[in-house]
Amino acid sequence: MPILEVSGIGKRYGGIVAVEDVSFKVKRGIATGLIGPNGAGKTTVFDMLTGMQRADRGSIRFEGQTITNLASHKISRLGIGRTFQSVRVFGNLSVLENLNIAEANSAAPARHGATDRVHRALALVEMEEHAGKPAGALSYGQRKLVELAMVLVQEPRLIMLDEPVAGVNPGLVERLSDILRRLIDSGISLLLVEHNIRFVTGLCDHIVVLAAARMLADGTPEEIMRNPDVLEAFLGSDH
Amino acid sequence: MMNQPASSRSAAMIAVAVLAIIALAVPRLAPNEFILSILGFAMIYAMLAASWDLLIGFAGLVSFGHAGFFGLGGYAAALATYHFGLSPWLGLPIGGLAGGVFGILIGIPTLRLRAVYLALATLAFAESLRIIATNWHDLTRGSLGFNLHPTFFRLSGEAANSYYVVLLVSSLSIAVIYYIARHTSLGMTFQAVRDDELRARSLGIDVVRHKIAAFALSGFFAGVAGALYAHYLGLISPSELGPATTMLVVAMSTIGGIGTIIGPALAAIVLYLASELLRMIGSTYGQVAIGALLIFFVILFPEGVAGWLSRQRASWRNKRKT
């Protein structure tokens, strides 16, 4: 059974169609990429999946349970974590406090050993030495890692990453790629939106393509890279 | 919670201990009823400022209706004594509960409001209470308010006793507010909601429940402060529900340093004592001086005294490292 099933979801803002009849499945224990040109509706899909935006139509099921238009904090507590396109950490609080807040509000906050969970997450993203620093004082890339650690400390079964490597240096792209591979190996499912196609094809086993608010294609990276409709959407008709 | 260096923690503990010794020694050093009286009121305002800071400084909710919580707490305590003959000691939790419930009642309908809109809505709530208190003569005795004599805390006839009661209740309340704000996951979650609601929701935080909790907690402590005030002064009237009370608390917190709890509490004590001194010169000058001080701080030290000191300390520490 797929961990996430999206069936015919749609969203309009007045007369503007942001997402129209999009359906796909996210398989358990692999990374699924959601790609498409700017304005294709990827972030709107993410927002609907995590309850940040209401879907006008369609249904979303997580582990067999309908979560369509459920409040975002309830979706999070079911086991779905997410990061944002513009990195979002609590800048006035220390890195450790950011993780403590995430841990305390997870589906099953640890009565004992919360510190272990926090330190494991910090260790995974190699940010232990920055634990006492205010999150707002870190570099953009470091804040991306803290944001990921905040999600990890909640021990979700599905992590949704909105442009995880946008704006970060090539060294950090490698590091993030390595961390995400380790997460997949540990059984966590990933759904990620990303413009870096090399990163997506290197990490994902399944790719969903959106264009102009609609589903264009889905398949393995090889199938997607050979699909003429996808090539046209990304490169134009003269490719 | 912030990881304060051990030296900083020790300095803070020494400062608290020195202040506690001074506060306890005042009735011996200056056994003057007037001095004890204004010190008591200063402590009540310190508690009120700390409760307001919990709401704005930690939960990010701008309330200009704090006088409503304060006055309601005072009226609830007075009604309990005046109409039902209950012990004024019971008036303290009753005042707190009244403030807390009013906090929930304000919190629910104003959840979607932000910044100036929330401030106006809370101001309107407090003003409604003031109008009710002024006009519902059968229940509130209108603009006369309640005379609560003999004042419970002075039953023994010793002004020092009532001073100690106020000192104990207000100090404990400020300590509890500080502990909640700085050392509990609830306080940290308030800060998360204040800093980024969207991120907070995505981490499983029920933003609505936490905002209501912040209003309830802040209202509770403001209500206890109101009850304490009513029994300490021996009077509660509609003027305590007026915007002047709120503005005084806003000024105290802004000058002390919003988001620090201790800053607003200390500033409240200093400003209240200063305003009493200035009142001796003439009430107009006193109000003008506080207004001028507020403008001075908003322009030159927007983070308040506590925020400025904290920044200086951080900068000094960085210099020492390099």
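K.L.:
Teacher, can you tell me more about the overall build of chain B here?
P.N.:
Broken down by element type, chain B carries 14 helices and two strands. The C-alpha atoms of chain B give 20 Å as radius of gyration, which agrees with the globular expectation for 322 residues (20 Å, within 12%). Considering only C-alpha atoms, chain B reaches an extent of 65 × 50 × 35 Å along its principal axes. Out of the 322 residues belonging to chain B, those deemed buried represent 48%.

K.L.:
Would you explain the overall build of chain A in this entry?
P.N.:
When helices and strands are tallied, chain A shows nine helices and ten strands. Taken against the 2.2 N^0.38 rule, which gives 18 Å for 239 residues, the C-alpha radius of gyration of chain A at 18 Å falls within 12% of a compact globule. With the C-alpha coordinates aligned to their principal axes, the bounding extent of chain A is approximately 50 × 35 × 35 Å. With 239 residues in all, chain A has 47% of them scored as buried. Within chain A, counting contacts between residues at least 6 apart in sequence, those at least 24 apart form 66% of the total.

K.L.:
What exactly am I supposed to notice about the interface of chain B and chain A here?
P.N.:
Accessible area lost upon the coming together of the parts is a frequently used measure of interface size. Taken together, the 18 residues of chain B in the interface contact 24 residues of chain A. Looking at the side of chain B that touches chain A, the elements that each hand over two or more residues are α8 (185-195) and α9 (197-202) of chain B. Residue contributions to the side of chain B that touches chain A peak at six residues, all from α8(B). Partitioning the side of chain B that touches chain A into residue classes produces seven nonpolar, six polar and five charged.

K.L.:
Honestly, the sheet that holds strand β10 (residues 214-219) of chain A in this entry has me stumped. Any pointers?
P.N.:
For sheets, the rule is that strands pair by backbone hydrogen bonds, running either parallel or antiparallel. Residue and element names in this part refer to chain A. Ordered in space as β6-β7-β8-β3-β9-β10, the six strands form an open sheet in which the pairing is mixed. The sheet is open, and its two borders are formed by β6 (80-82) and β10, each paired with just one other strand. The sheet shows a mean angle of 15° between the axes of neighbouring strands, taken without regard to direction. With five bridges joining them, strand β7 (residues 158-162) and strand β8 (residues 189-193) adopt parallel strand pairing. Bridging across to β8, L158 finds its partner in S189.

K.L.:
What exactly am I supposed to notice about the sheet that holds strand β5 (residues 65-66) of chain A here?
P.N.:
All names here are of chain A. Pairing is antiparallel in the open sheet, where four strands are placed in the order β2-β1-β4-β5. Strand pairing shows two members of the sheet lacking a second neighbour, β2 (16-26) and β5, which therefore form its edges. Pairing between strand β1 (residues 4-13) and β2: seven bridges, direction antiparallel. Each bridged residue has a counterpart across the sheet, and for R12 the counterpart in β2 is V17. Each of β1, β2 and β4 (57-62) is contacted by helix α1 (residues 42-49), which is oriented at about 65° to β2, the strand it contacts most.

K.L.:
I tried to follow the environment of W308(B) on my own but got confused; where do I start?
P.N.:
Residue and element names in this part refer to chain B. Here W308 lies in helix α14 (residues 304-321). In the structure, W308 is positioned 51 residues away from G257 in sequence and 8.0 Å away in space, judged by C-alpha atoms. Dropping the residues within four chain positions of it, W308 is found in contact with F301 and E303.

K.L.:
Help me out: how do you make sense of unusual backbone geometry in this one?
P.N.:
Leave glycine aside and you will find that most residues have negative phi; peptide bonds, for their part, are mostly trans. Residue and element names in this part refer to chain A. Unlike most non-glycine residues, E63 shows phi in positive territory, near 50°. Within the secondary structure, E63 is located in the loop between β4 and β5. For E63, a count of 16 C-beta atoms within 10 Å corresponds to the partly exposed category. A positive phi is found at E163, a non-glycine position, where the angle reads about 50°.

K.L.:
Could you clarify how one ought to interpret the packing of helix α3 (residues 66-82) of chain B against helix α11 (residues 243-256) of chain B in this entry?
P.N.:
Between two packed helices, the angle of one axis relative to the other and the distance separating the axes together describe the packing. Residues and elements named next belong to chain B. One can describe the packing of α3 onto α11 by two numbers: an axis separation of 8 Å at closest approach and a directional angle of 115°. Of the two possible hands of crossing, α3 and α11 adopt the one that is right-handed. Contact residues: α3 offers H66, A67 and F70, while α11 offers P243, T245, T246 and V249. Partitioned by chemical class, the residues of the contact of α3 with α11 number four nonpolar, three polar and no charged.

K.L.:
Before we go on, may I ask you to explain α11(B) in this structure?
P.N.:
Given 3.6 residues per helical turn, the α-helix brings residues three or four places apart onto the same face. Residues and elements named next belong to chain B. With 14 residues, α11 extends 20 Å from end C-alpha to end C-alpha; this agrees with the ideal 20 Å at 1.5 Å per step. In terms of burial, α11 is a largely internal element, eleven of the 14 residues being buried. Among the residues of α11, those classed as buried are T245, T246, L248, V249, V250, A251, M252, S253, T254, I255 and G256. The first or second residue beyond α11 is G257, which carries a positive phi of 120°.

K.L.:
Got a minute to help me understand the pairing of β8(A) in this structure?
P.N.:
The side chains of a regular strand alternate between both faces of the sheet. Residues and elements named next belong to chain A. The buried fraction of β8 is high, at five of five residues. Two elements, strand β3 (residues 31-35) and β8, share four bridges in a ladder whose sense is parallel. Bridged to L34 within β8 is V193. Note that the unit made of β7, helix α6 (residues 170-185) and β8 has a crossover that is right-handed.

K.L.:
Teacher, can you tell me more about α3(B) here?
P.N.:
For α3(B), with 17 residues, the first-to-last C-alpha span of 24 Å sits near the 24 Å given by 1.5 Å per residue. Across the 17 residues that make up α3(B), a large majority, 16, are buried.

K.L.:
For this particular structure, what's the right way to read the pairing of β7(A)?
P.N.:
Residue and element names in this part refer to chain A. In terms of burial, β7 is largely enclosed, as five of its five residues are buried. Burial along β7 is two-sided: the face carrying L158, M160 and D162 and the face carrying I159 and L161 are both buried. Both β6 and β7 contribute to a ladder of three bridges, which runs parallel. When the bridges of β7 are listed, I80 appears paired with L158.

What counts as what
- Residues numbered from 1 in each chain as written.
- Chains lettered and ligands numbered in written order.
- Predicted model: local features only at pLDDT ≥ 70, side-chain atom pairs only at ≥ 80, totals over all residues.
- Helix = DSSP H or I, 4+ residues; strand = E, 2+ residues; numbered from the N terminus.
- Rg over C-alpha atoms; globule rule 2.2 N^0.38 Å.
- Buried ≥ 20, exposed ≤ 12 C-beta atoms within 10 Å, placed from the backbone.
- Contact = placed C-beta atoms within 7 Å.
- Nonpolar A, V, L, I, M, F, W, Y, C, P; charged D, E, K, R; others polar.
- Pairing = 2+ DSSP bridges.
- Axes fitted to C-alpha atoms, helices over the stretch in contact; angles between N-to-C directions.
- Left-handed = near helix turned anticlockwise from the far one by under 90°.
- Expected span 1.5 Å × (residues − 1).
- Right-handed = clockwise from strand over helix to strand, strands pointing away.

This is a description of form; function is not addressed.
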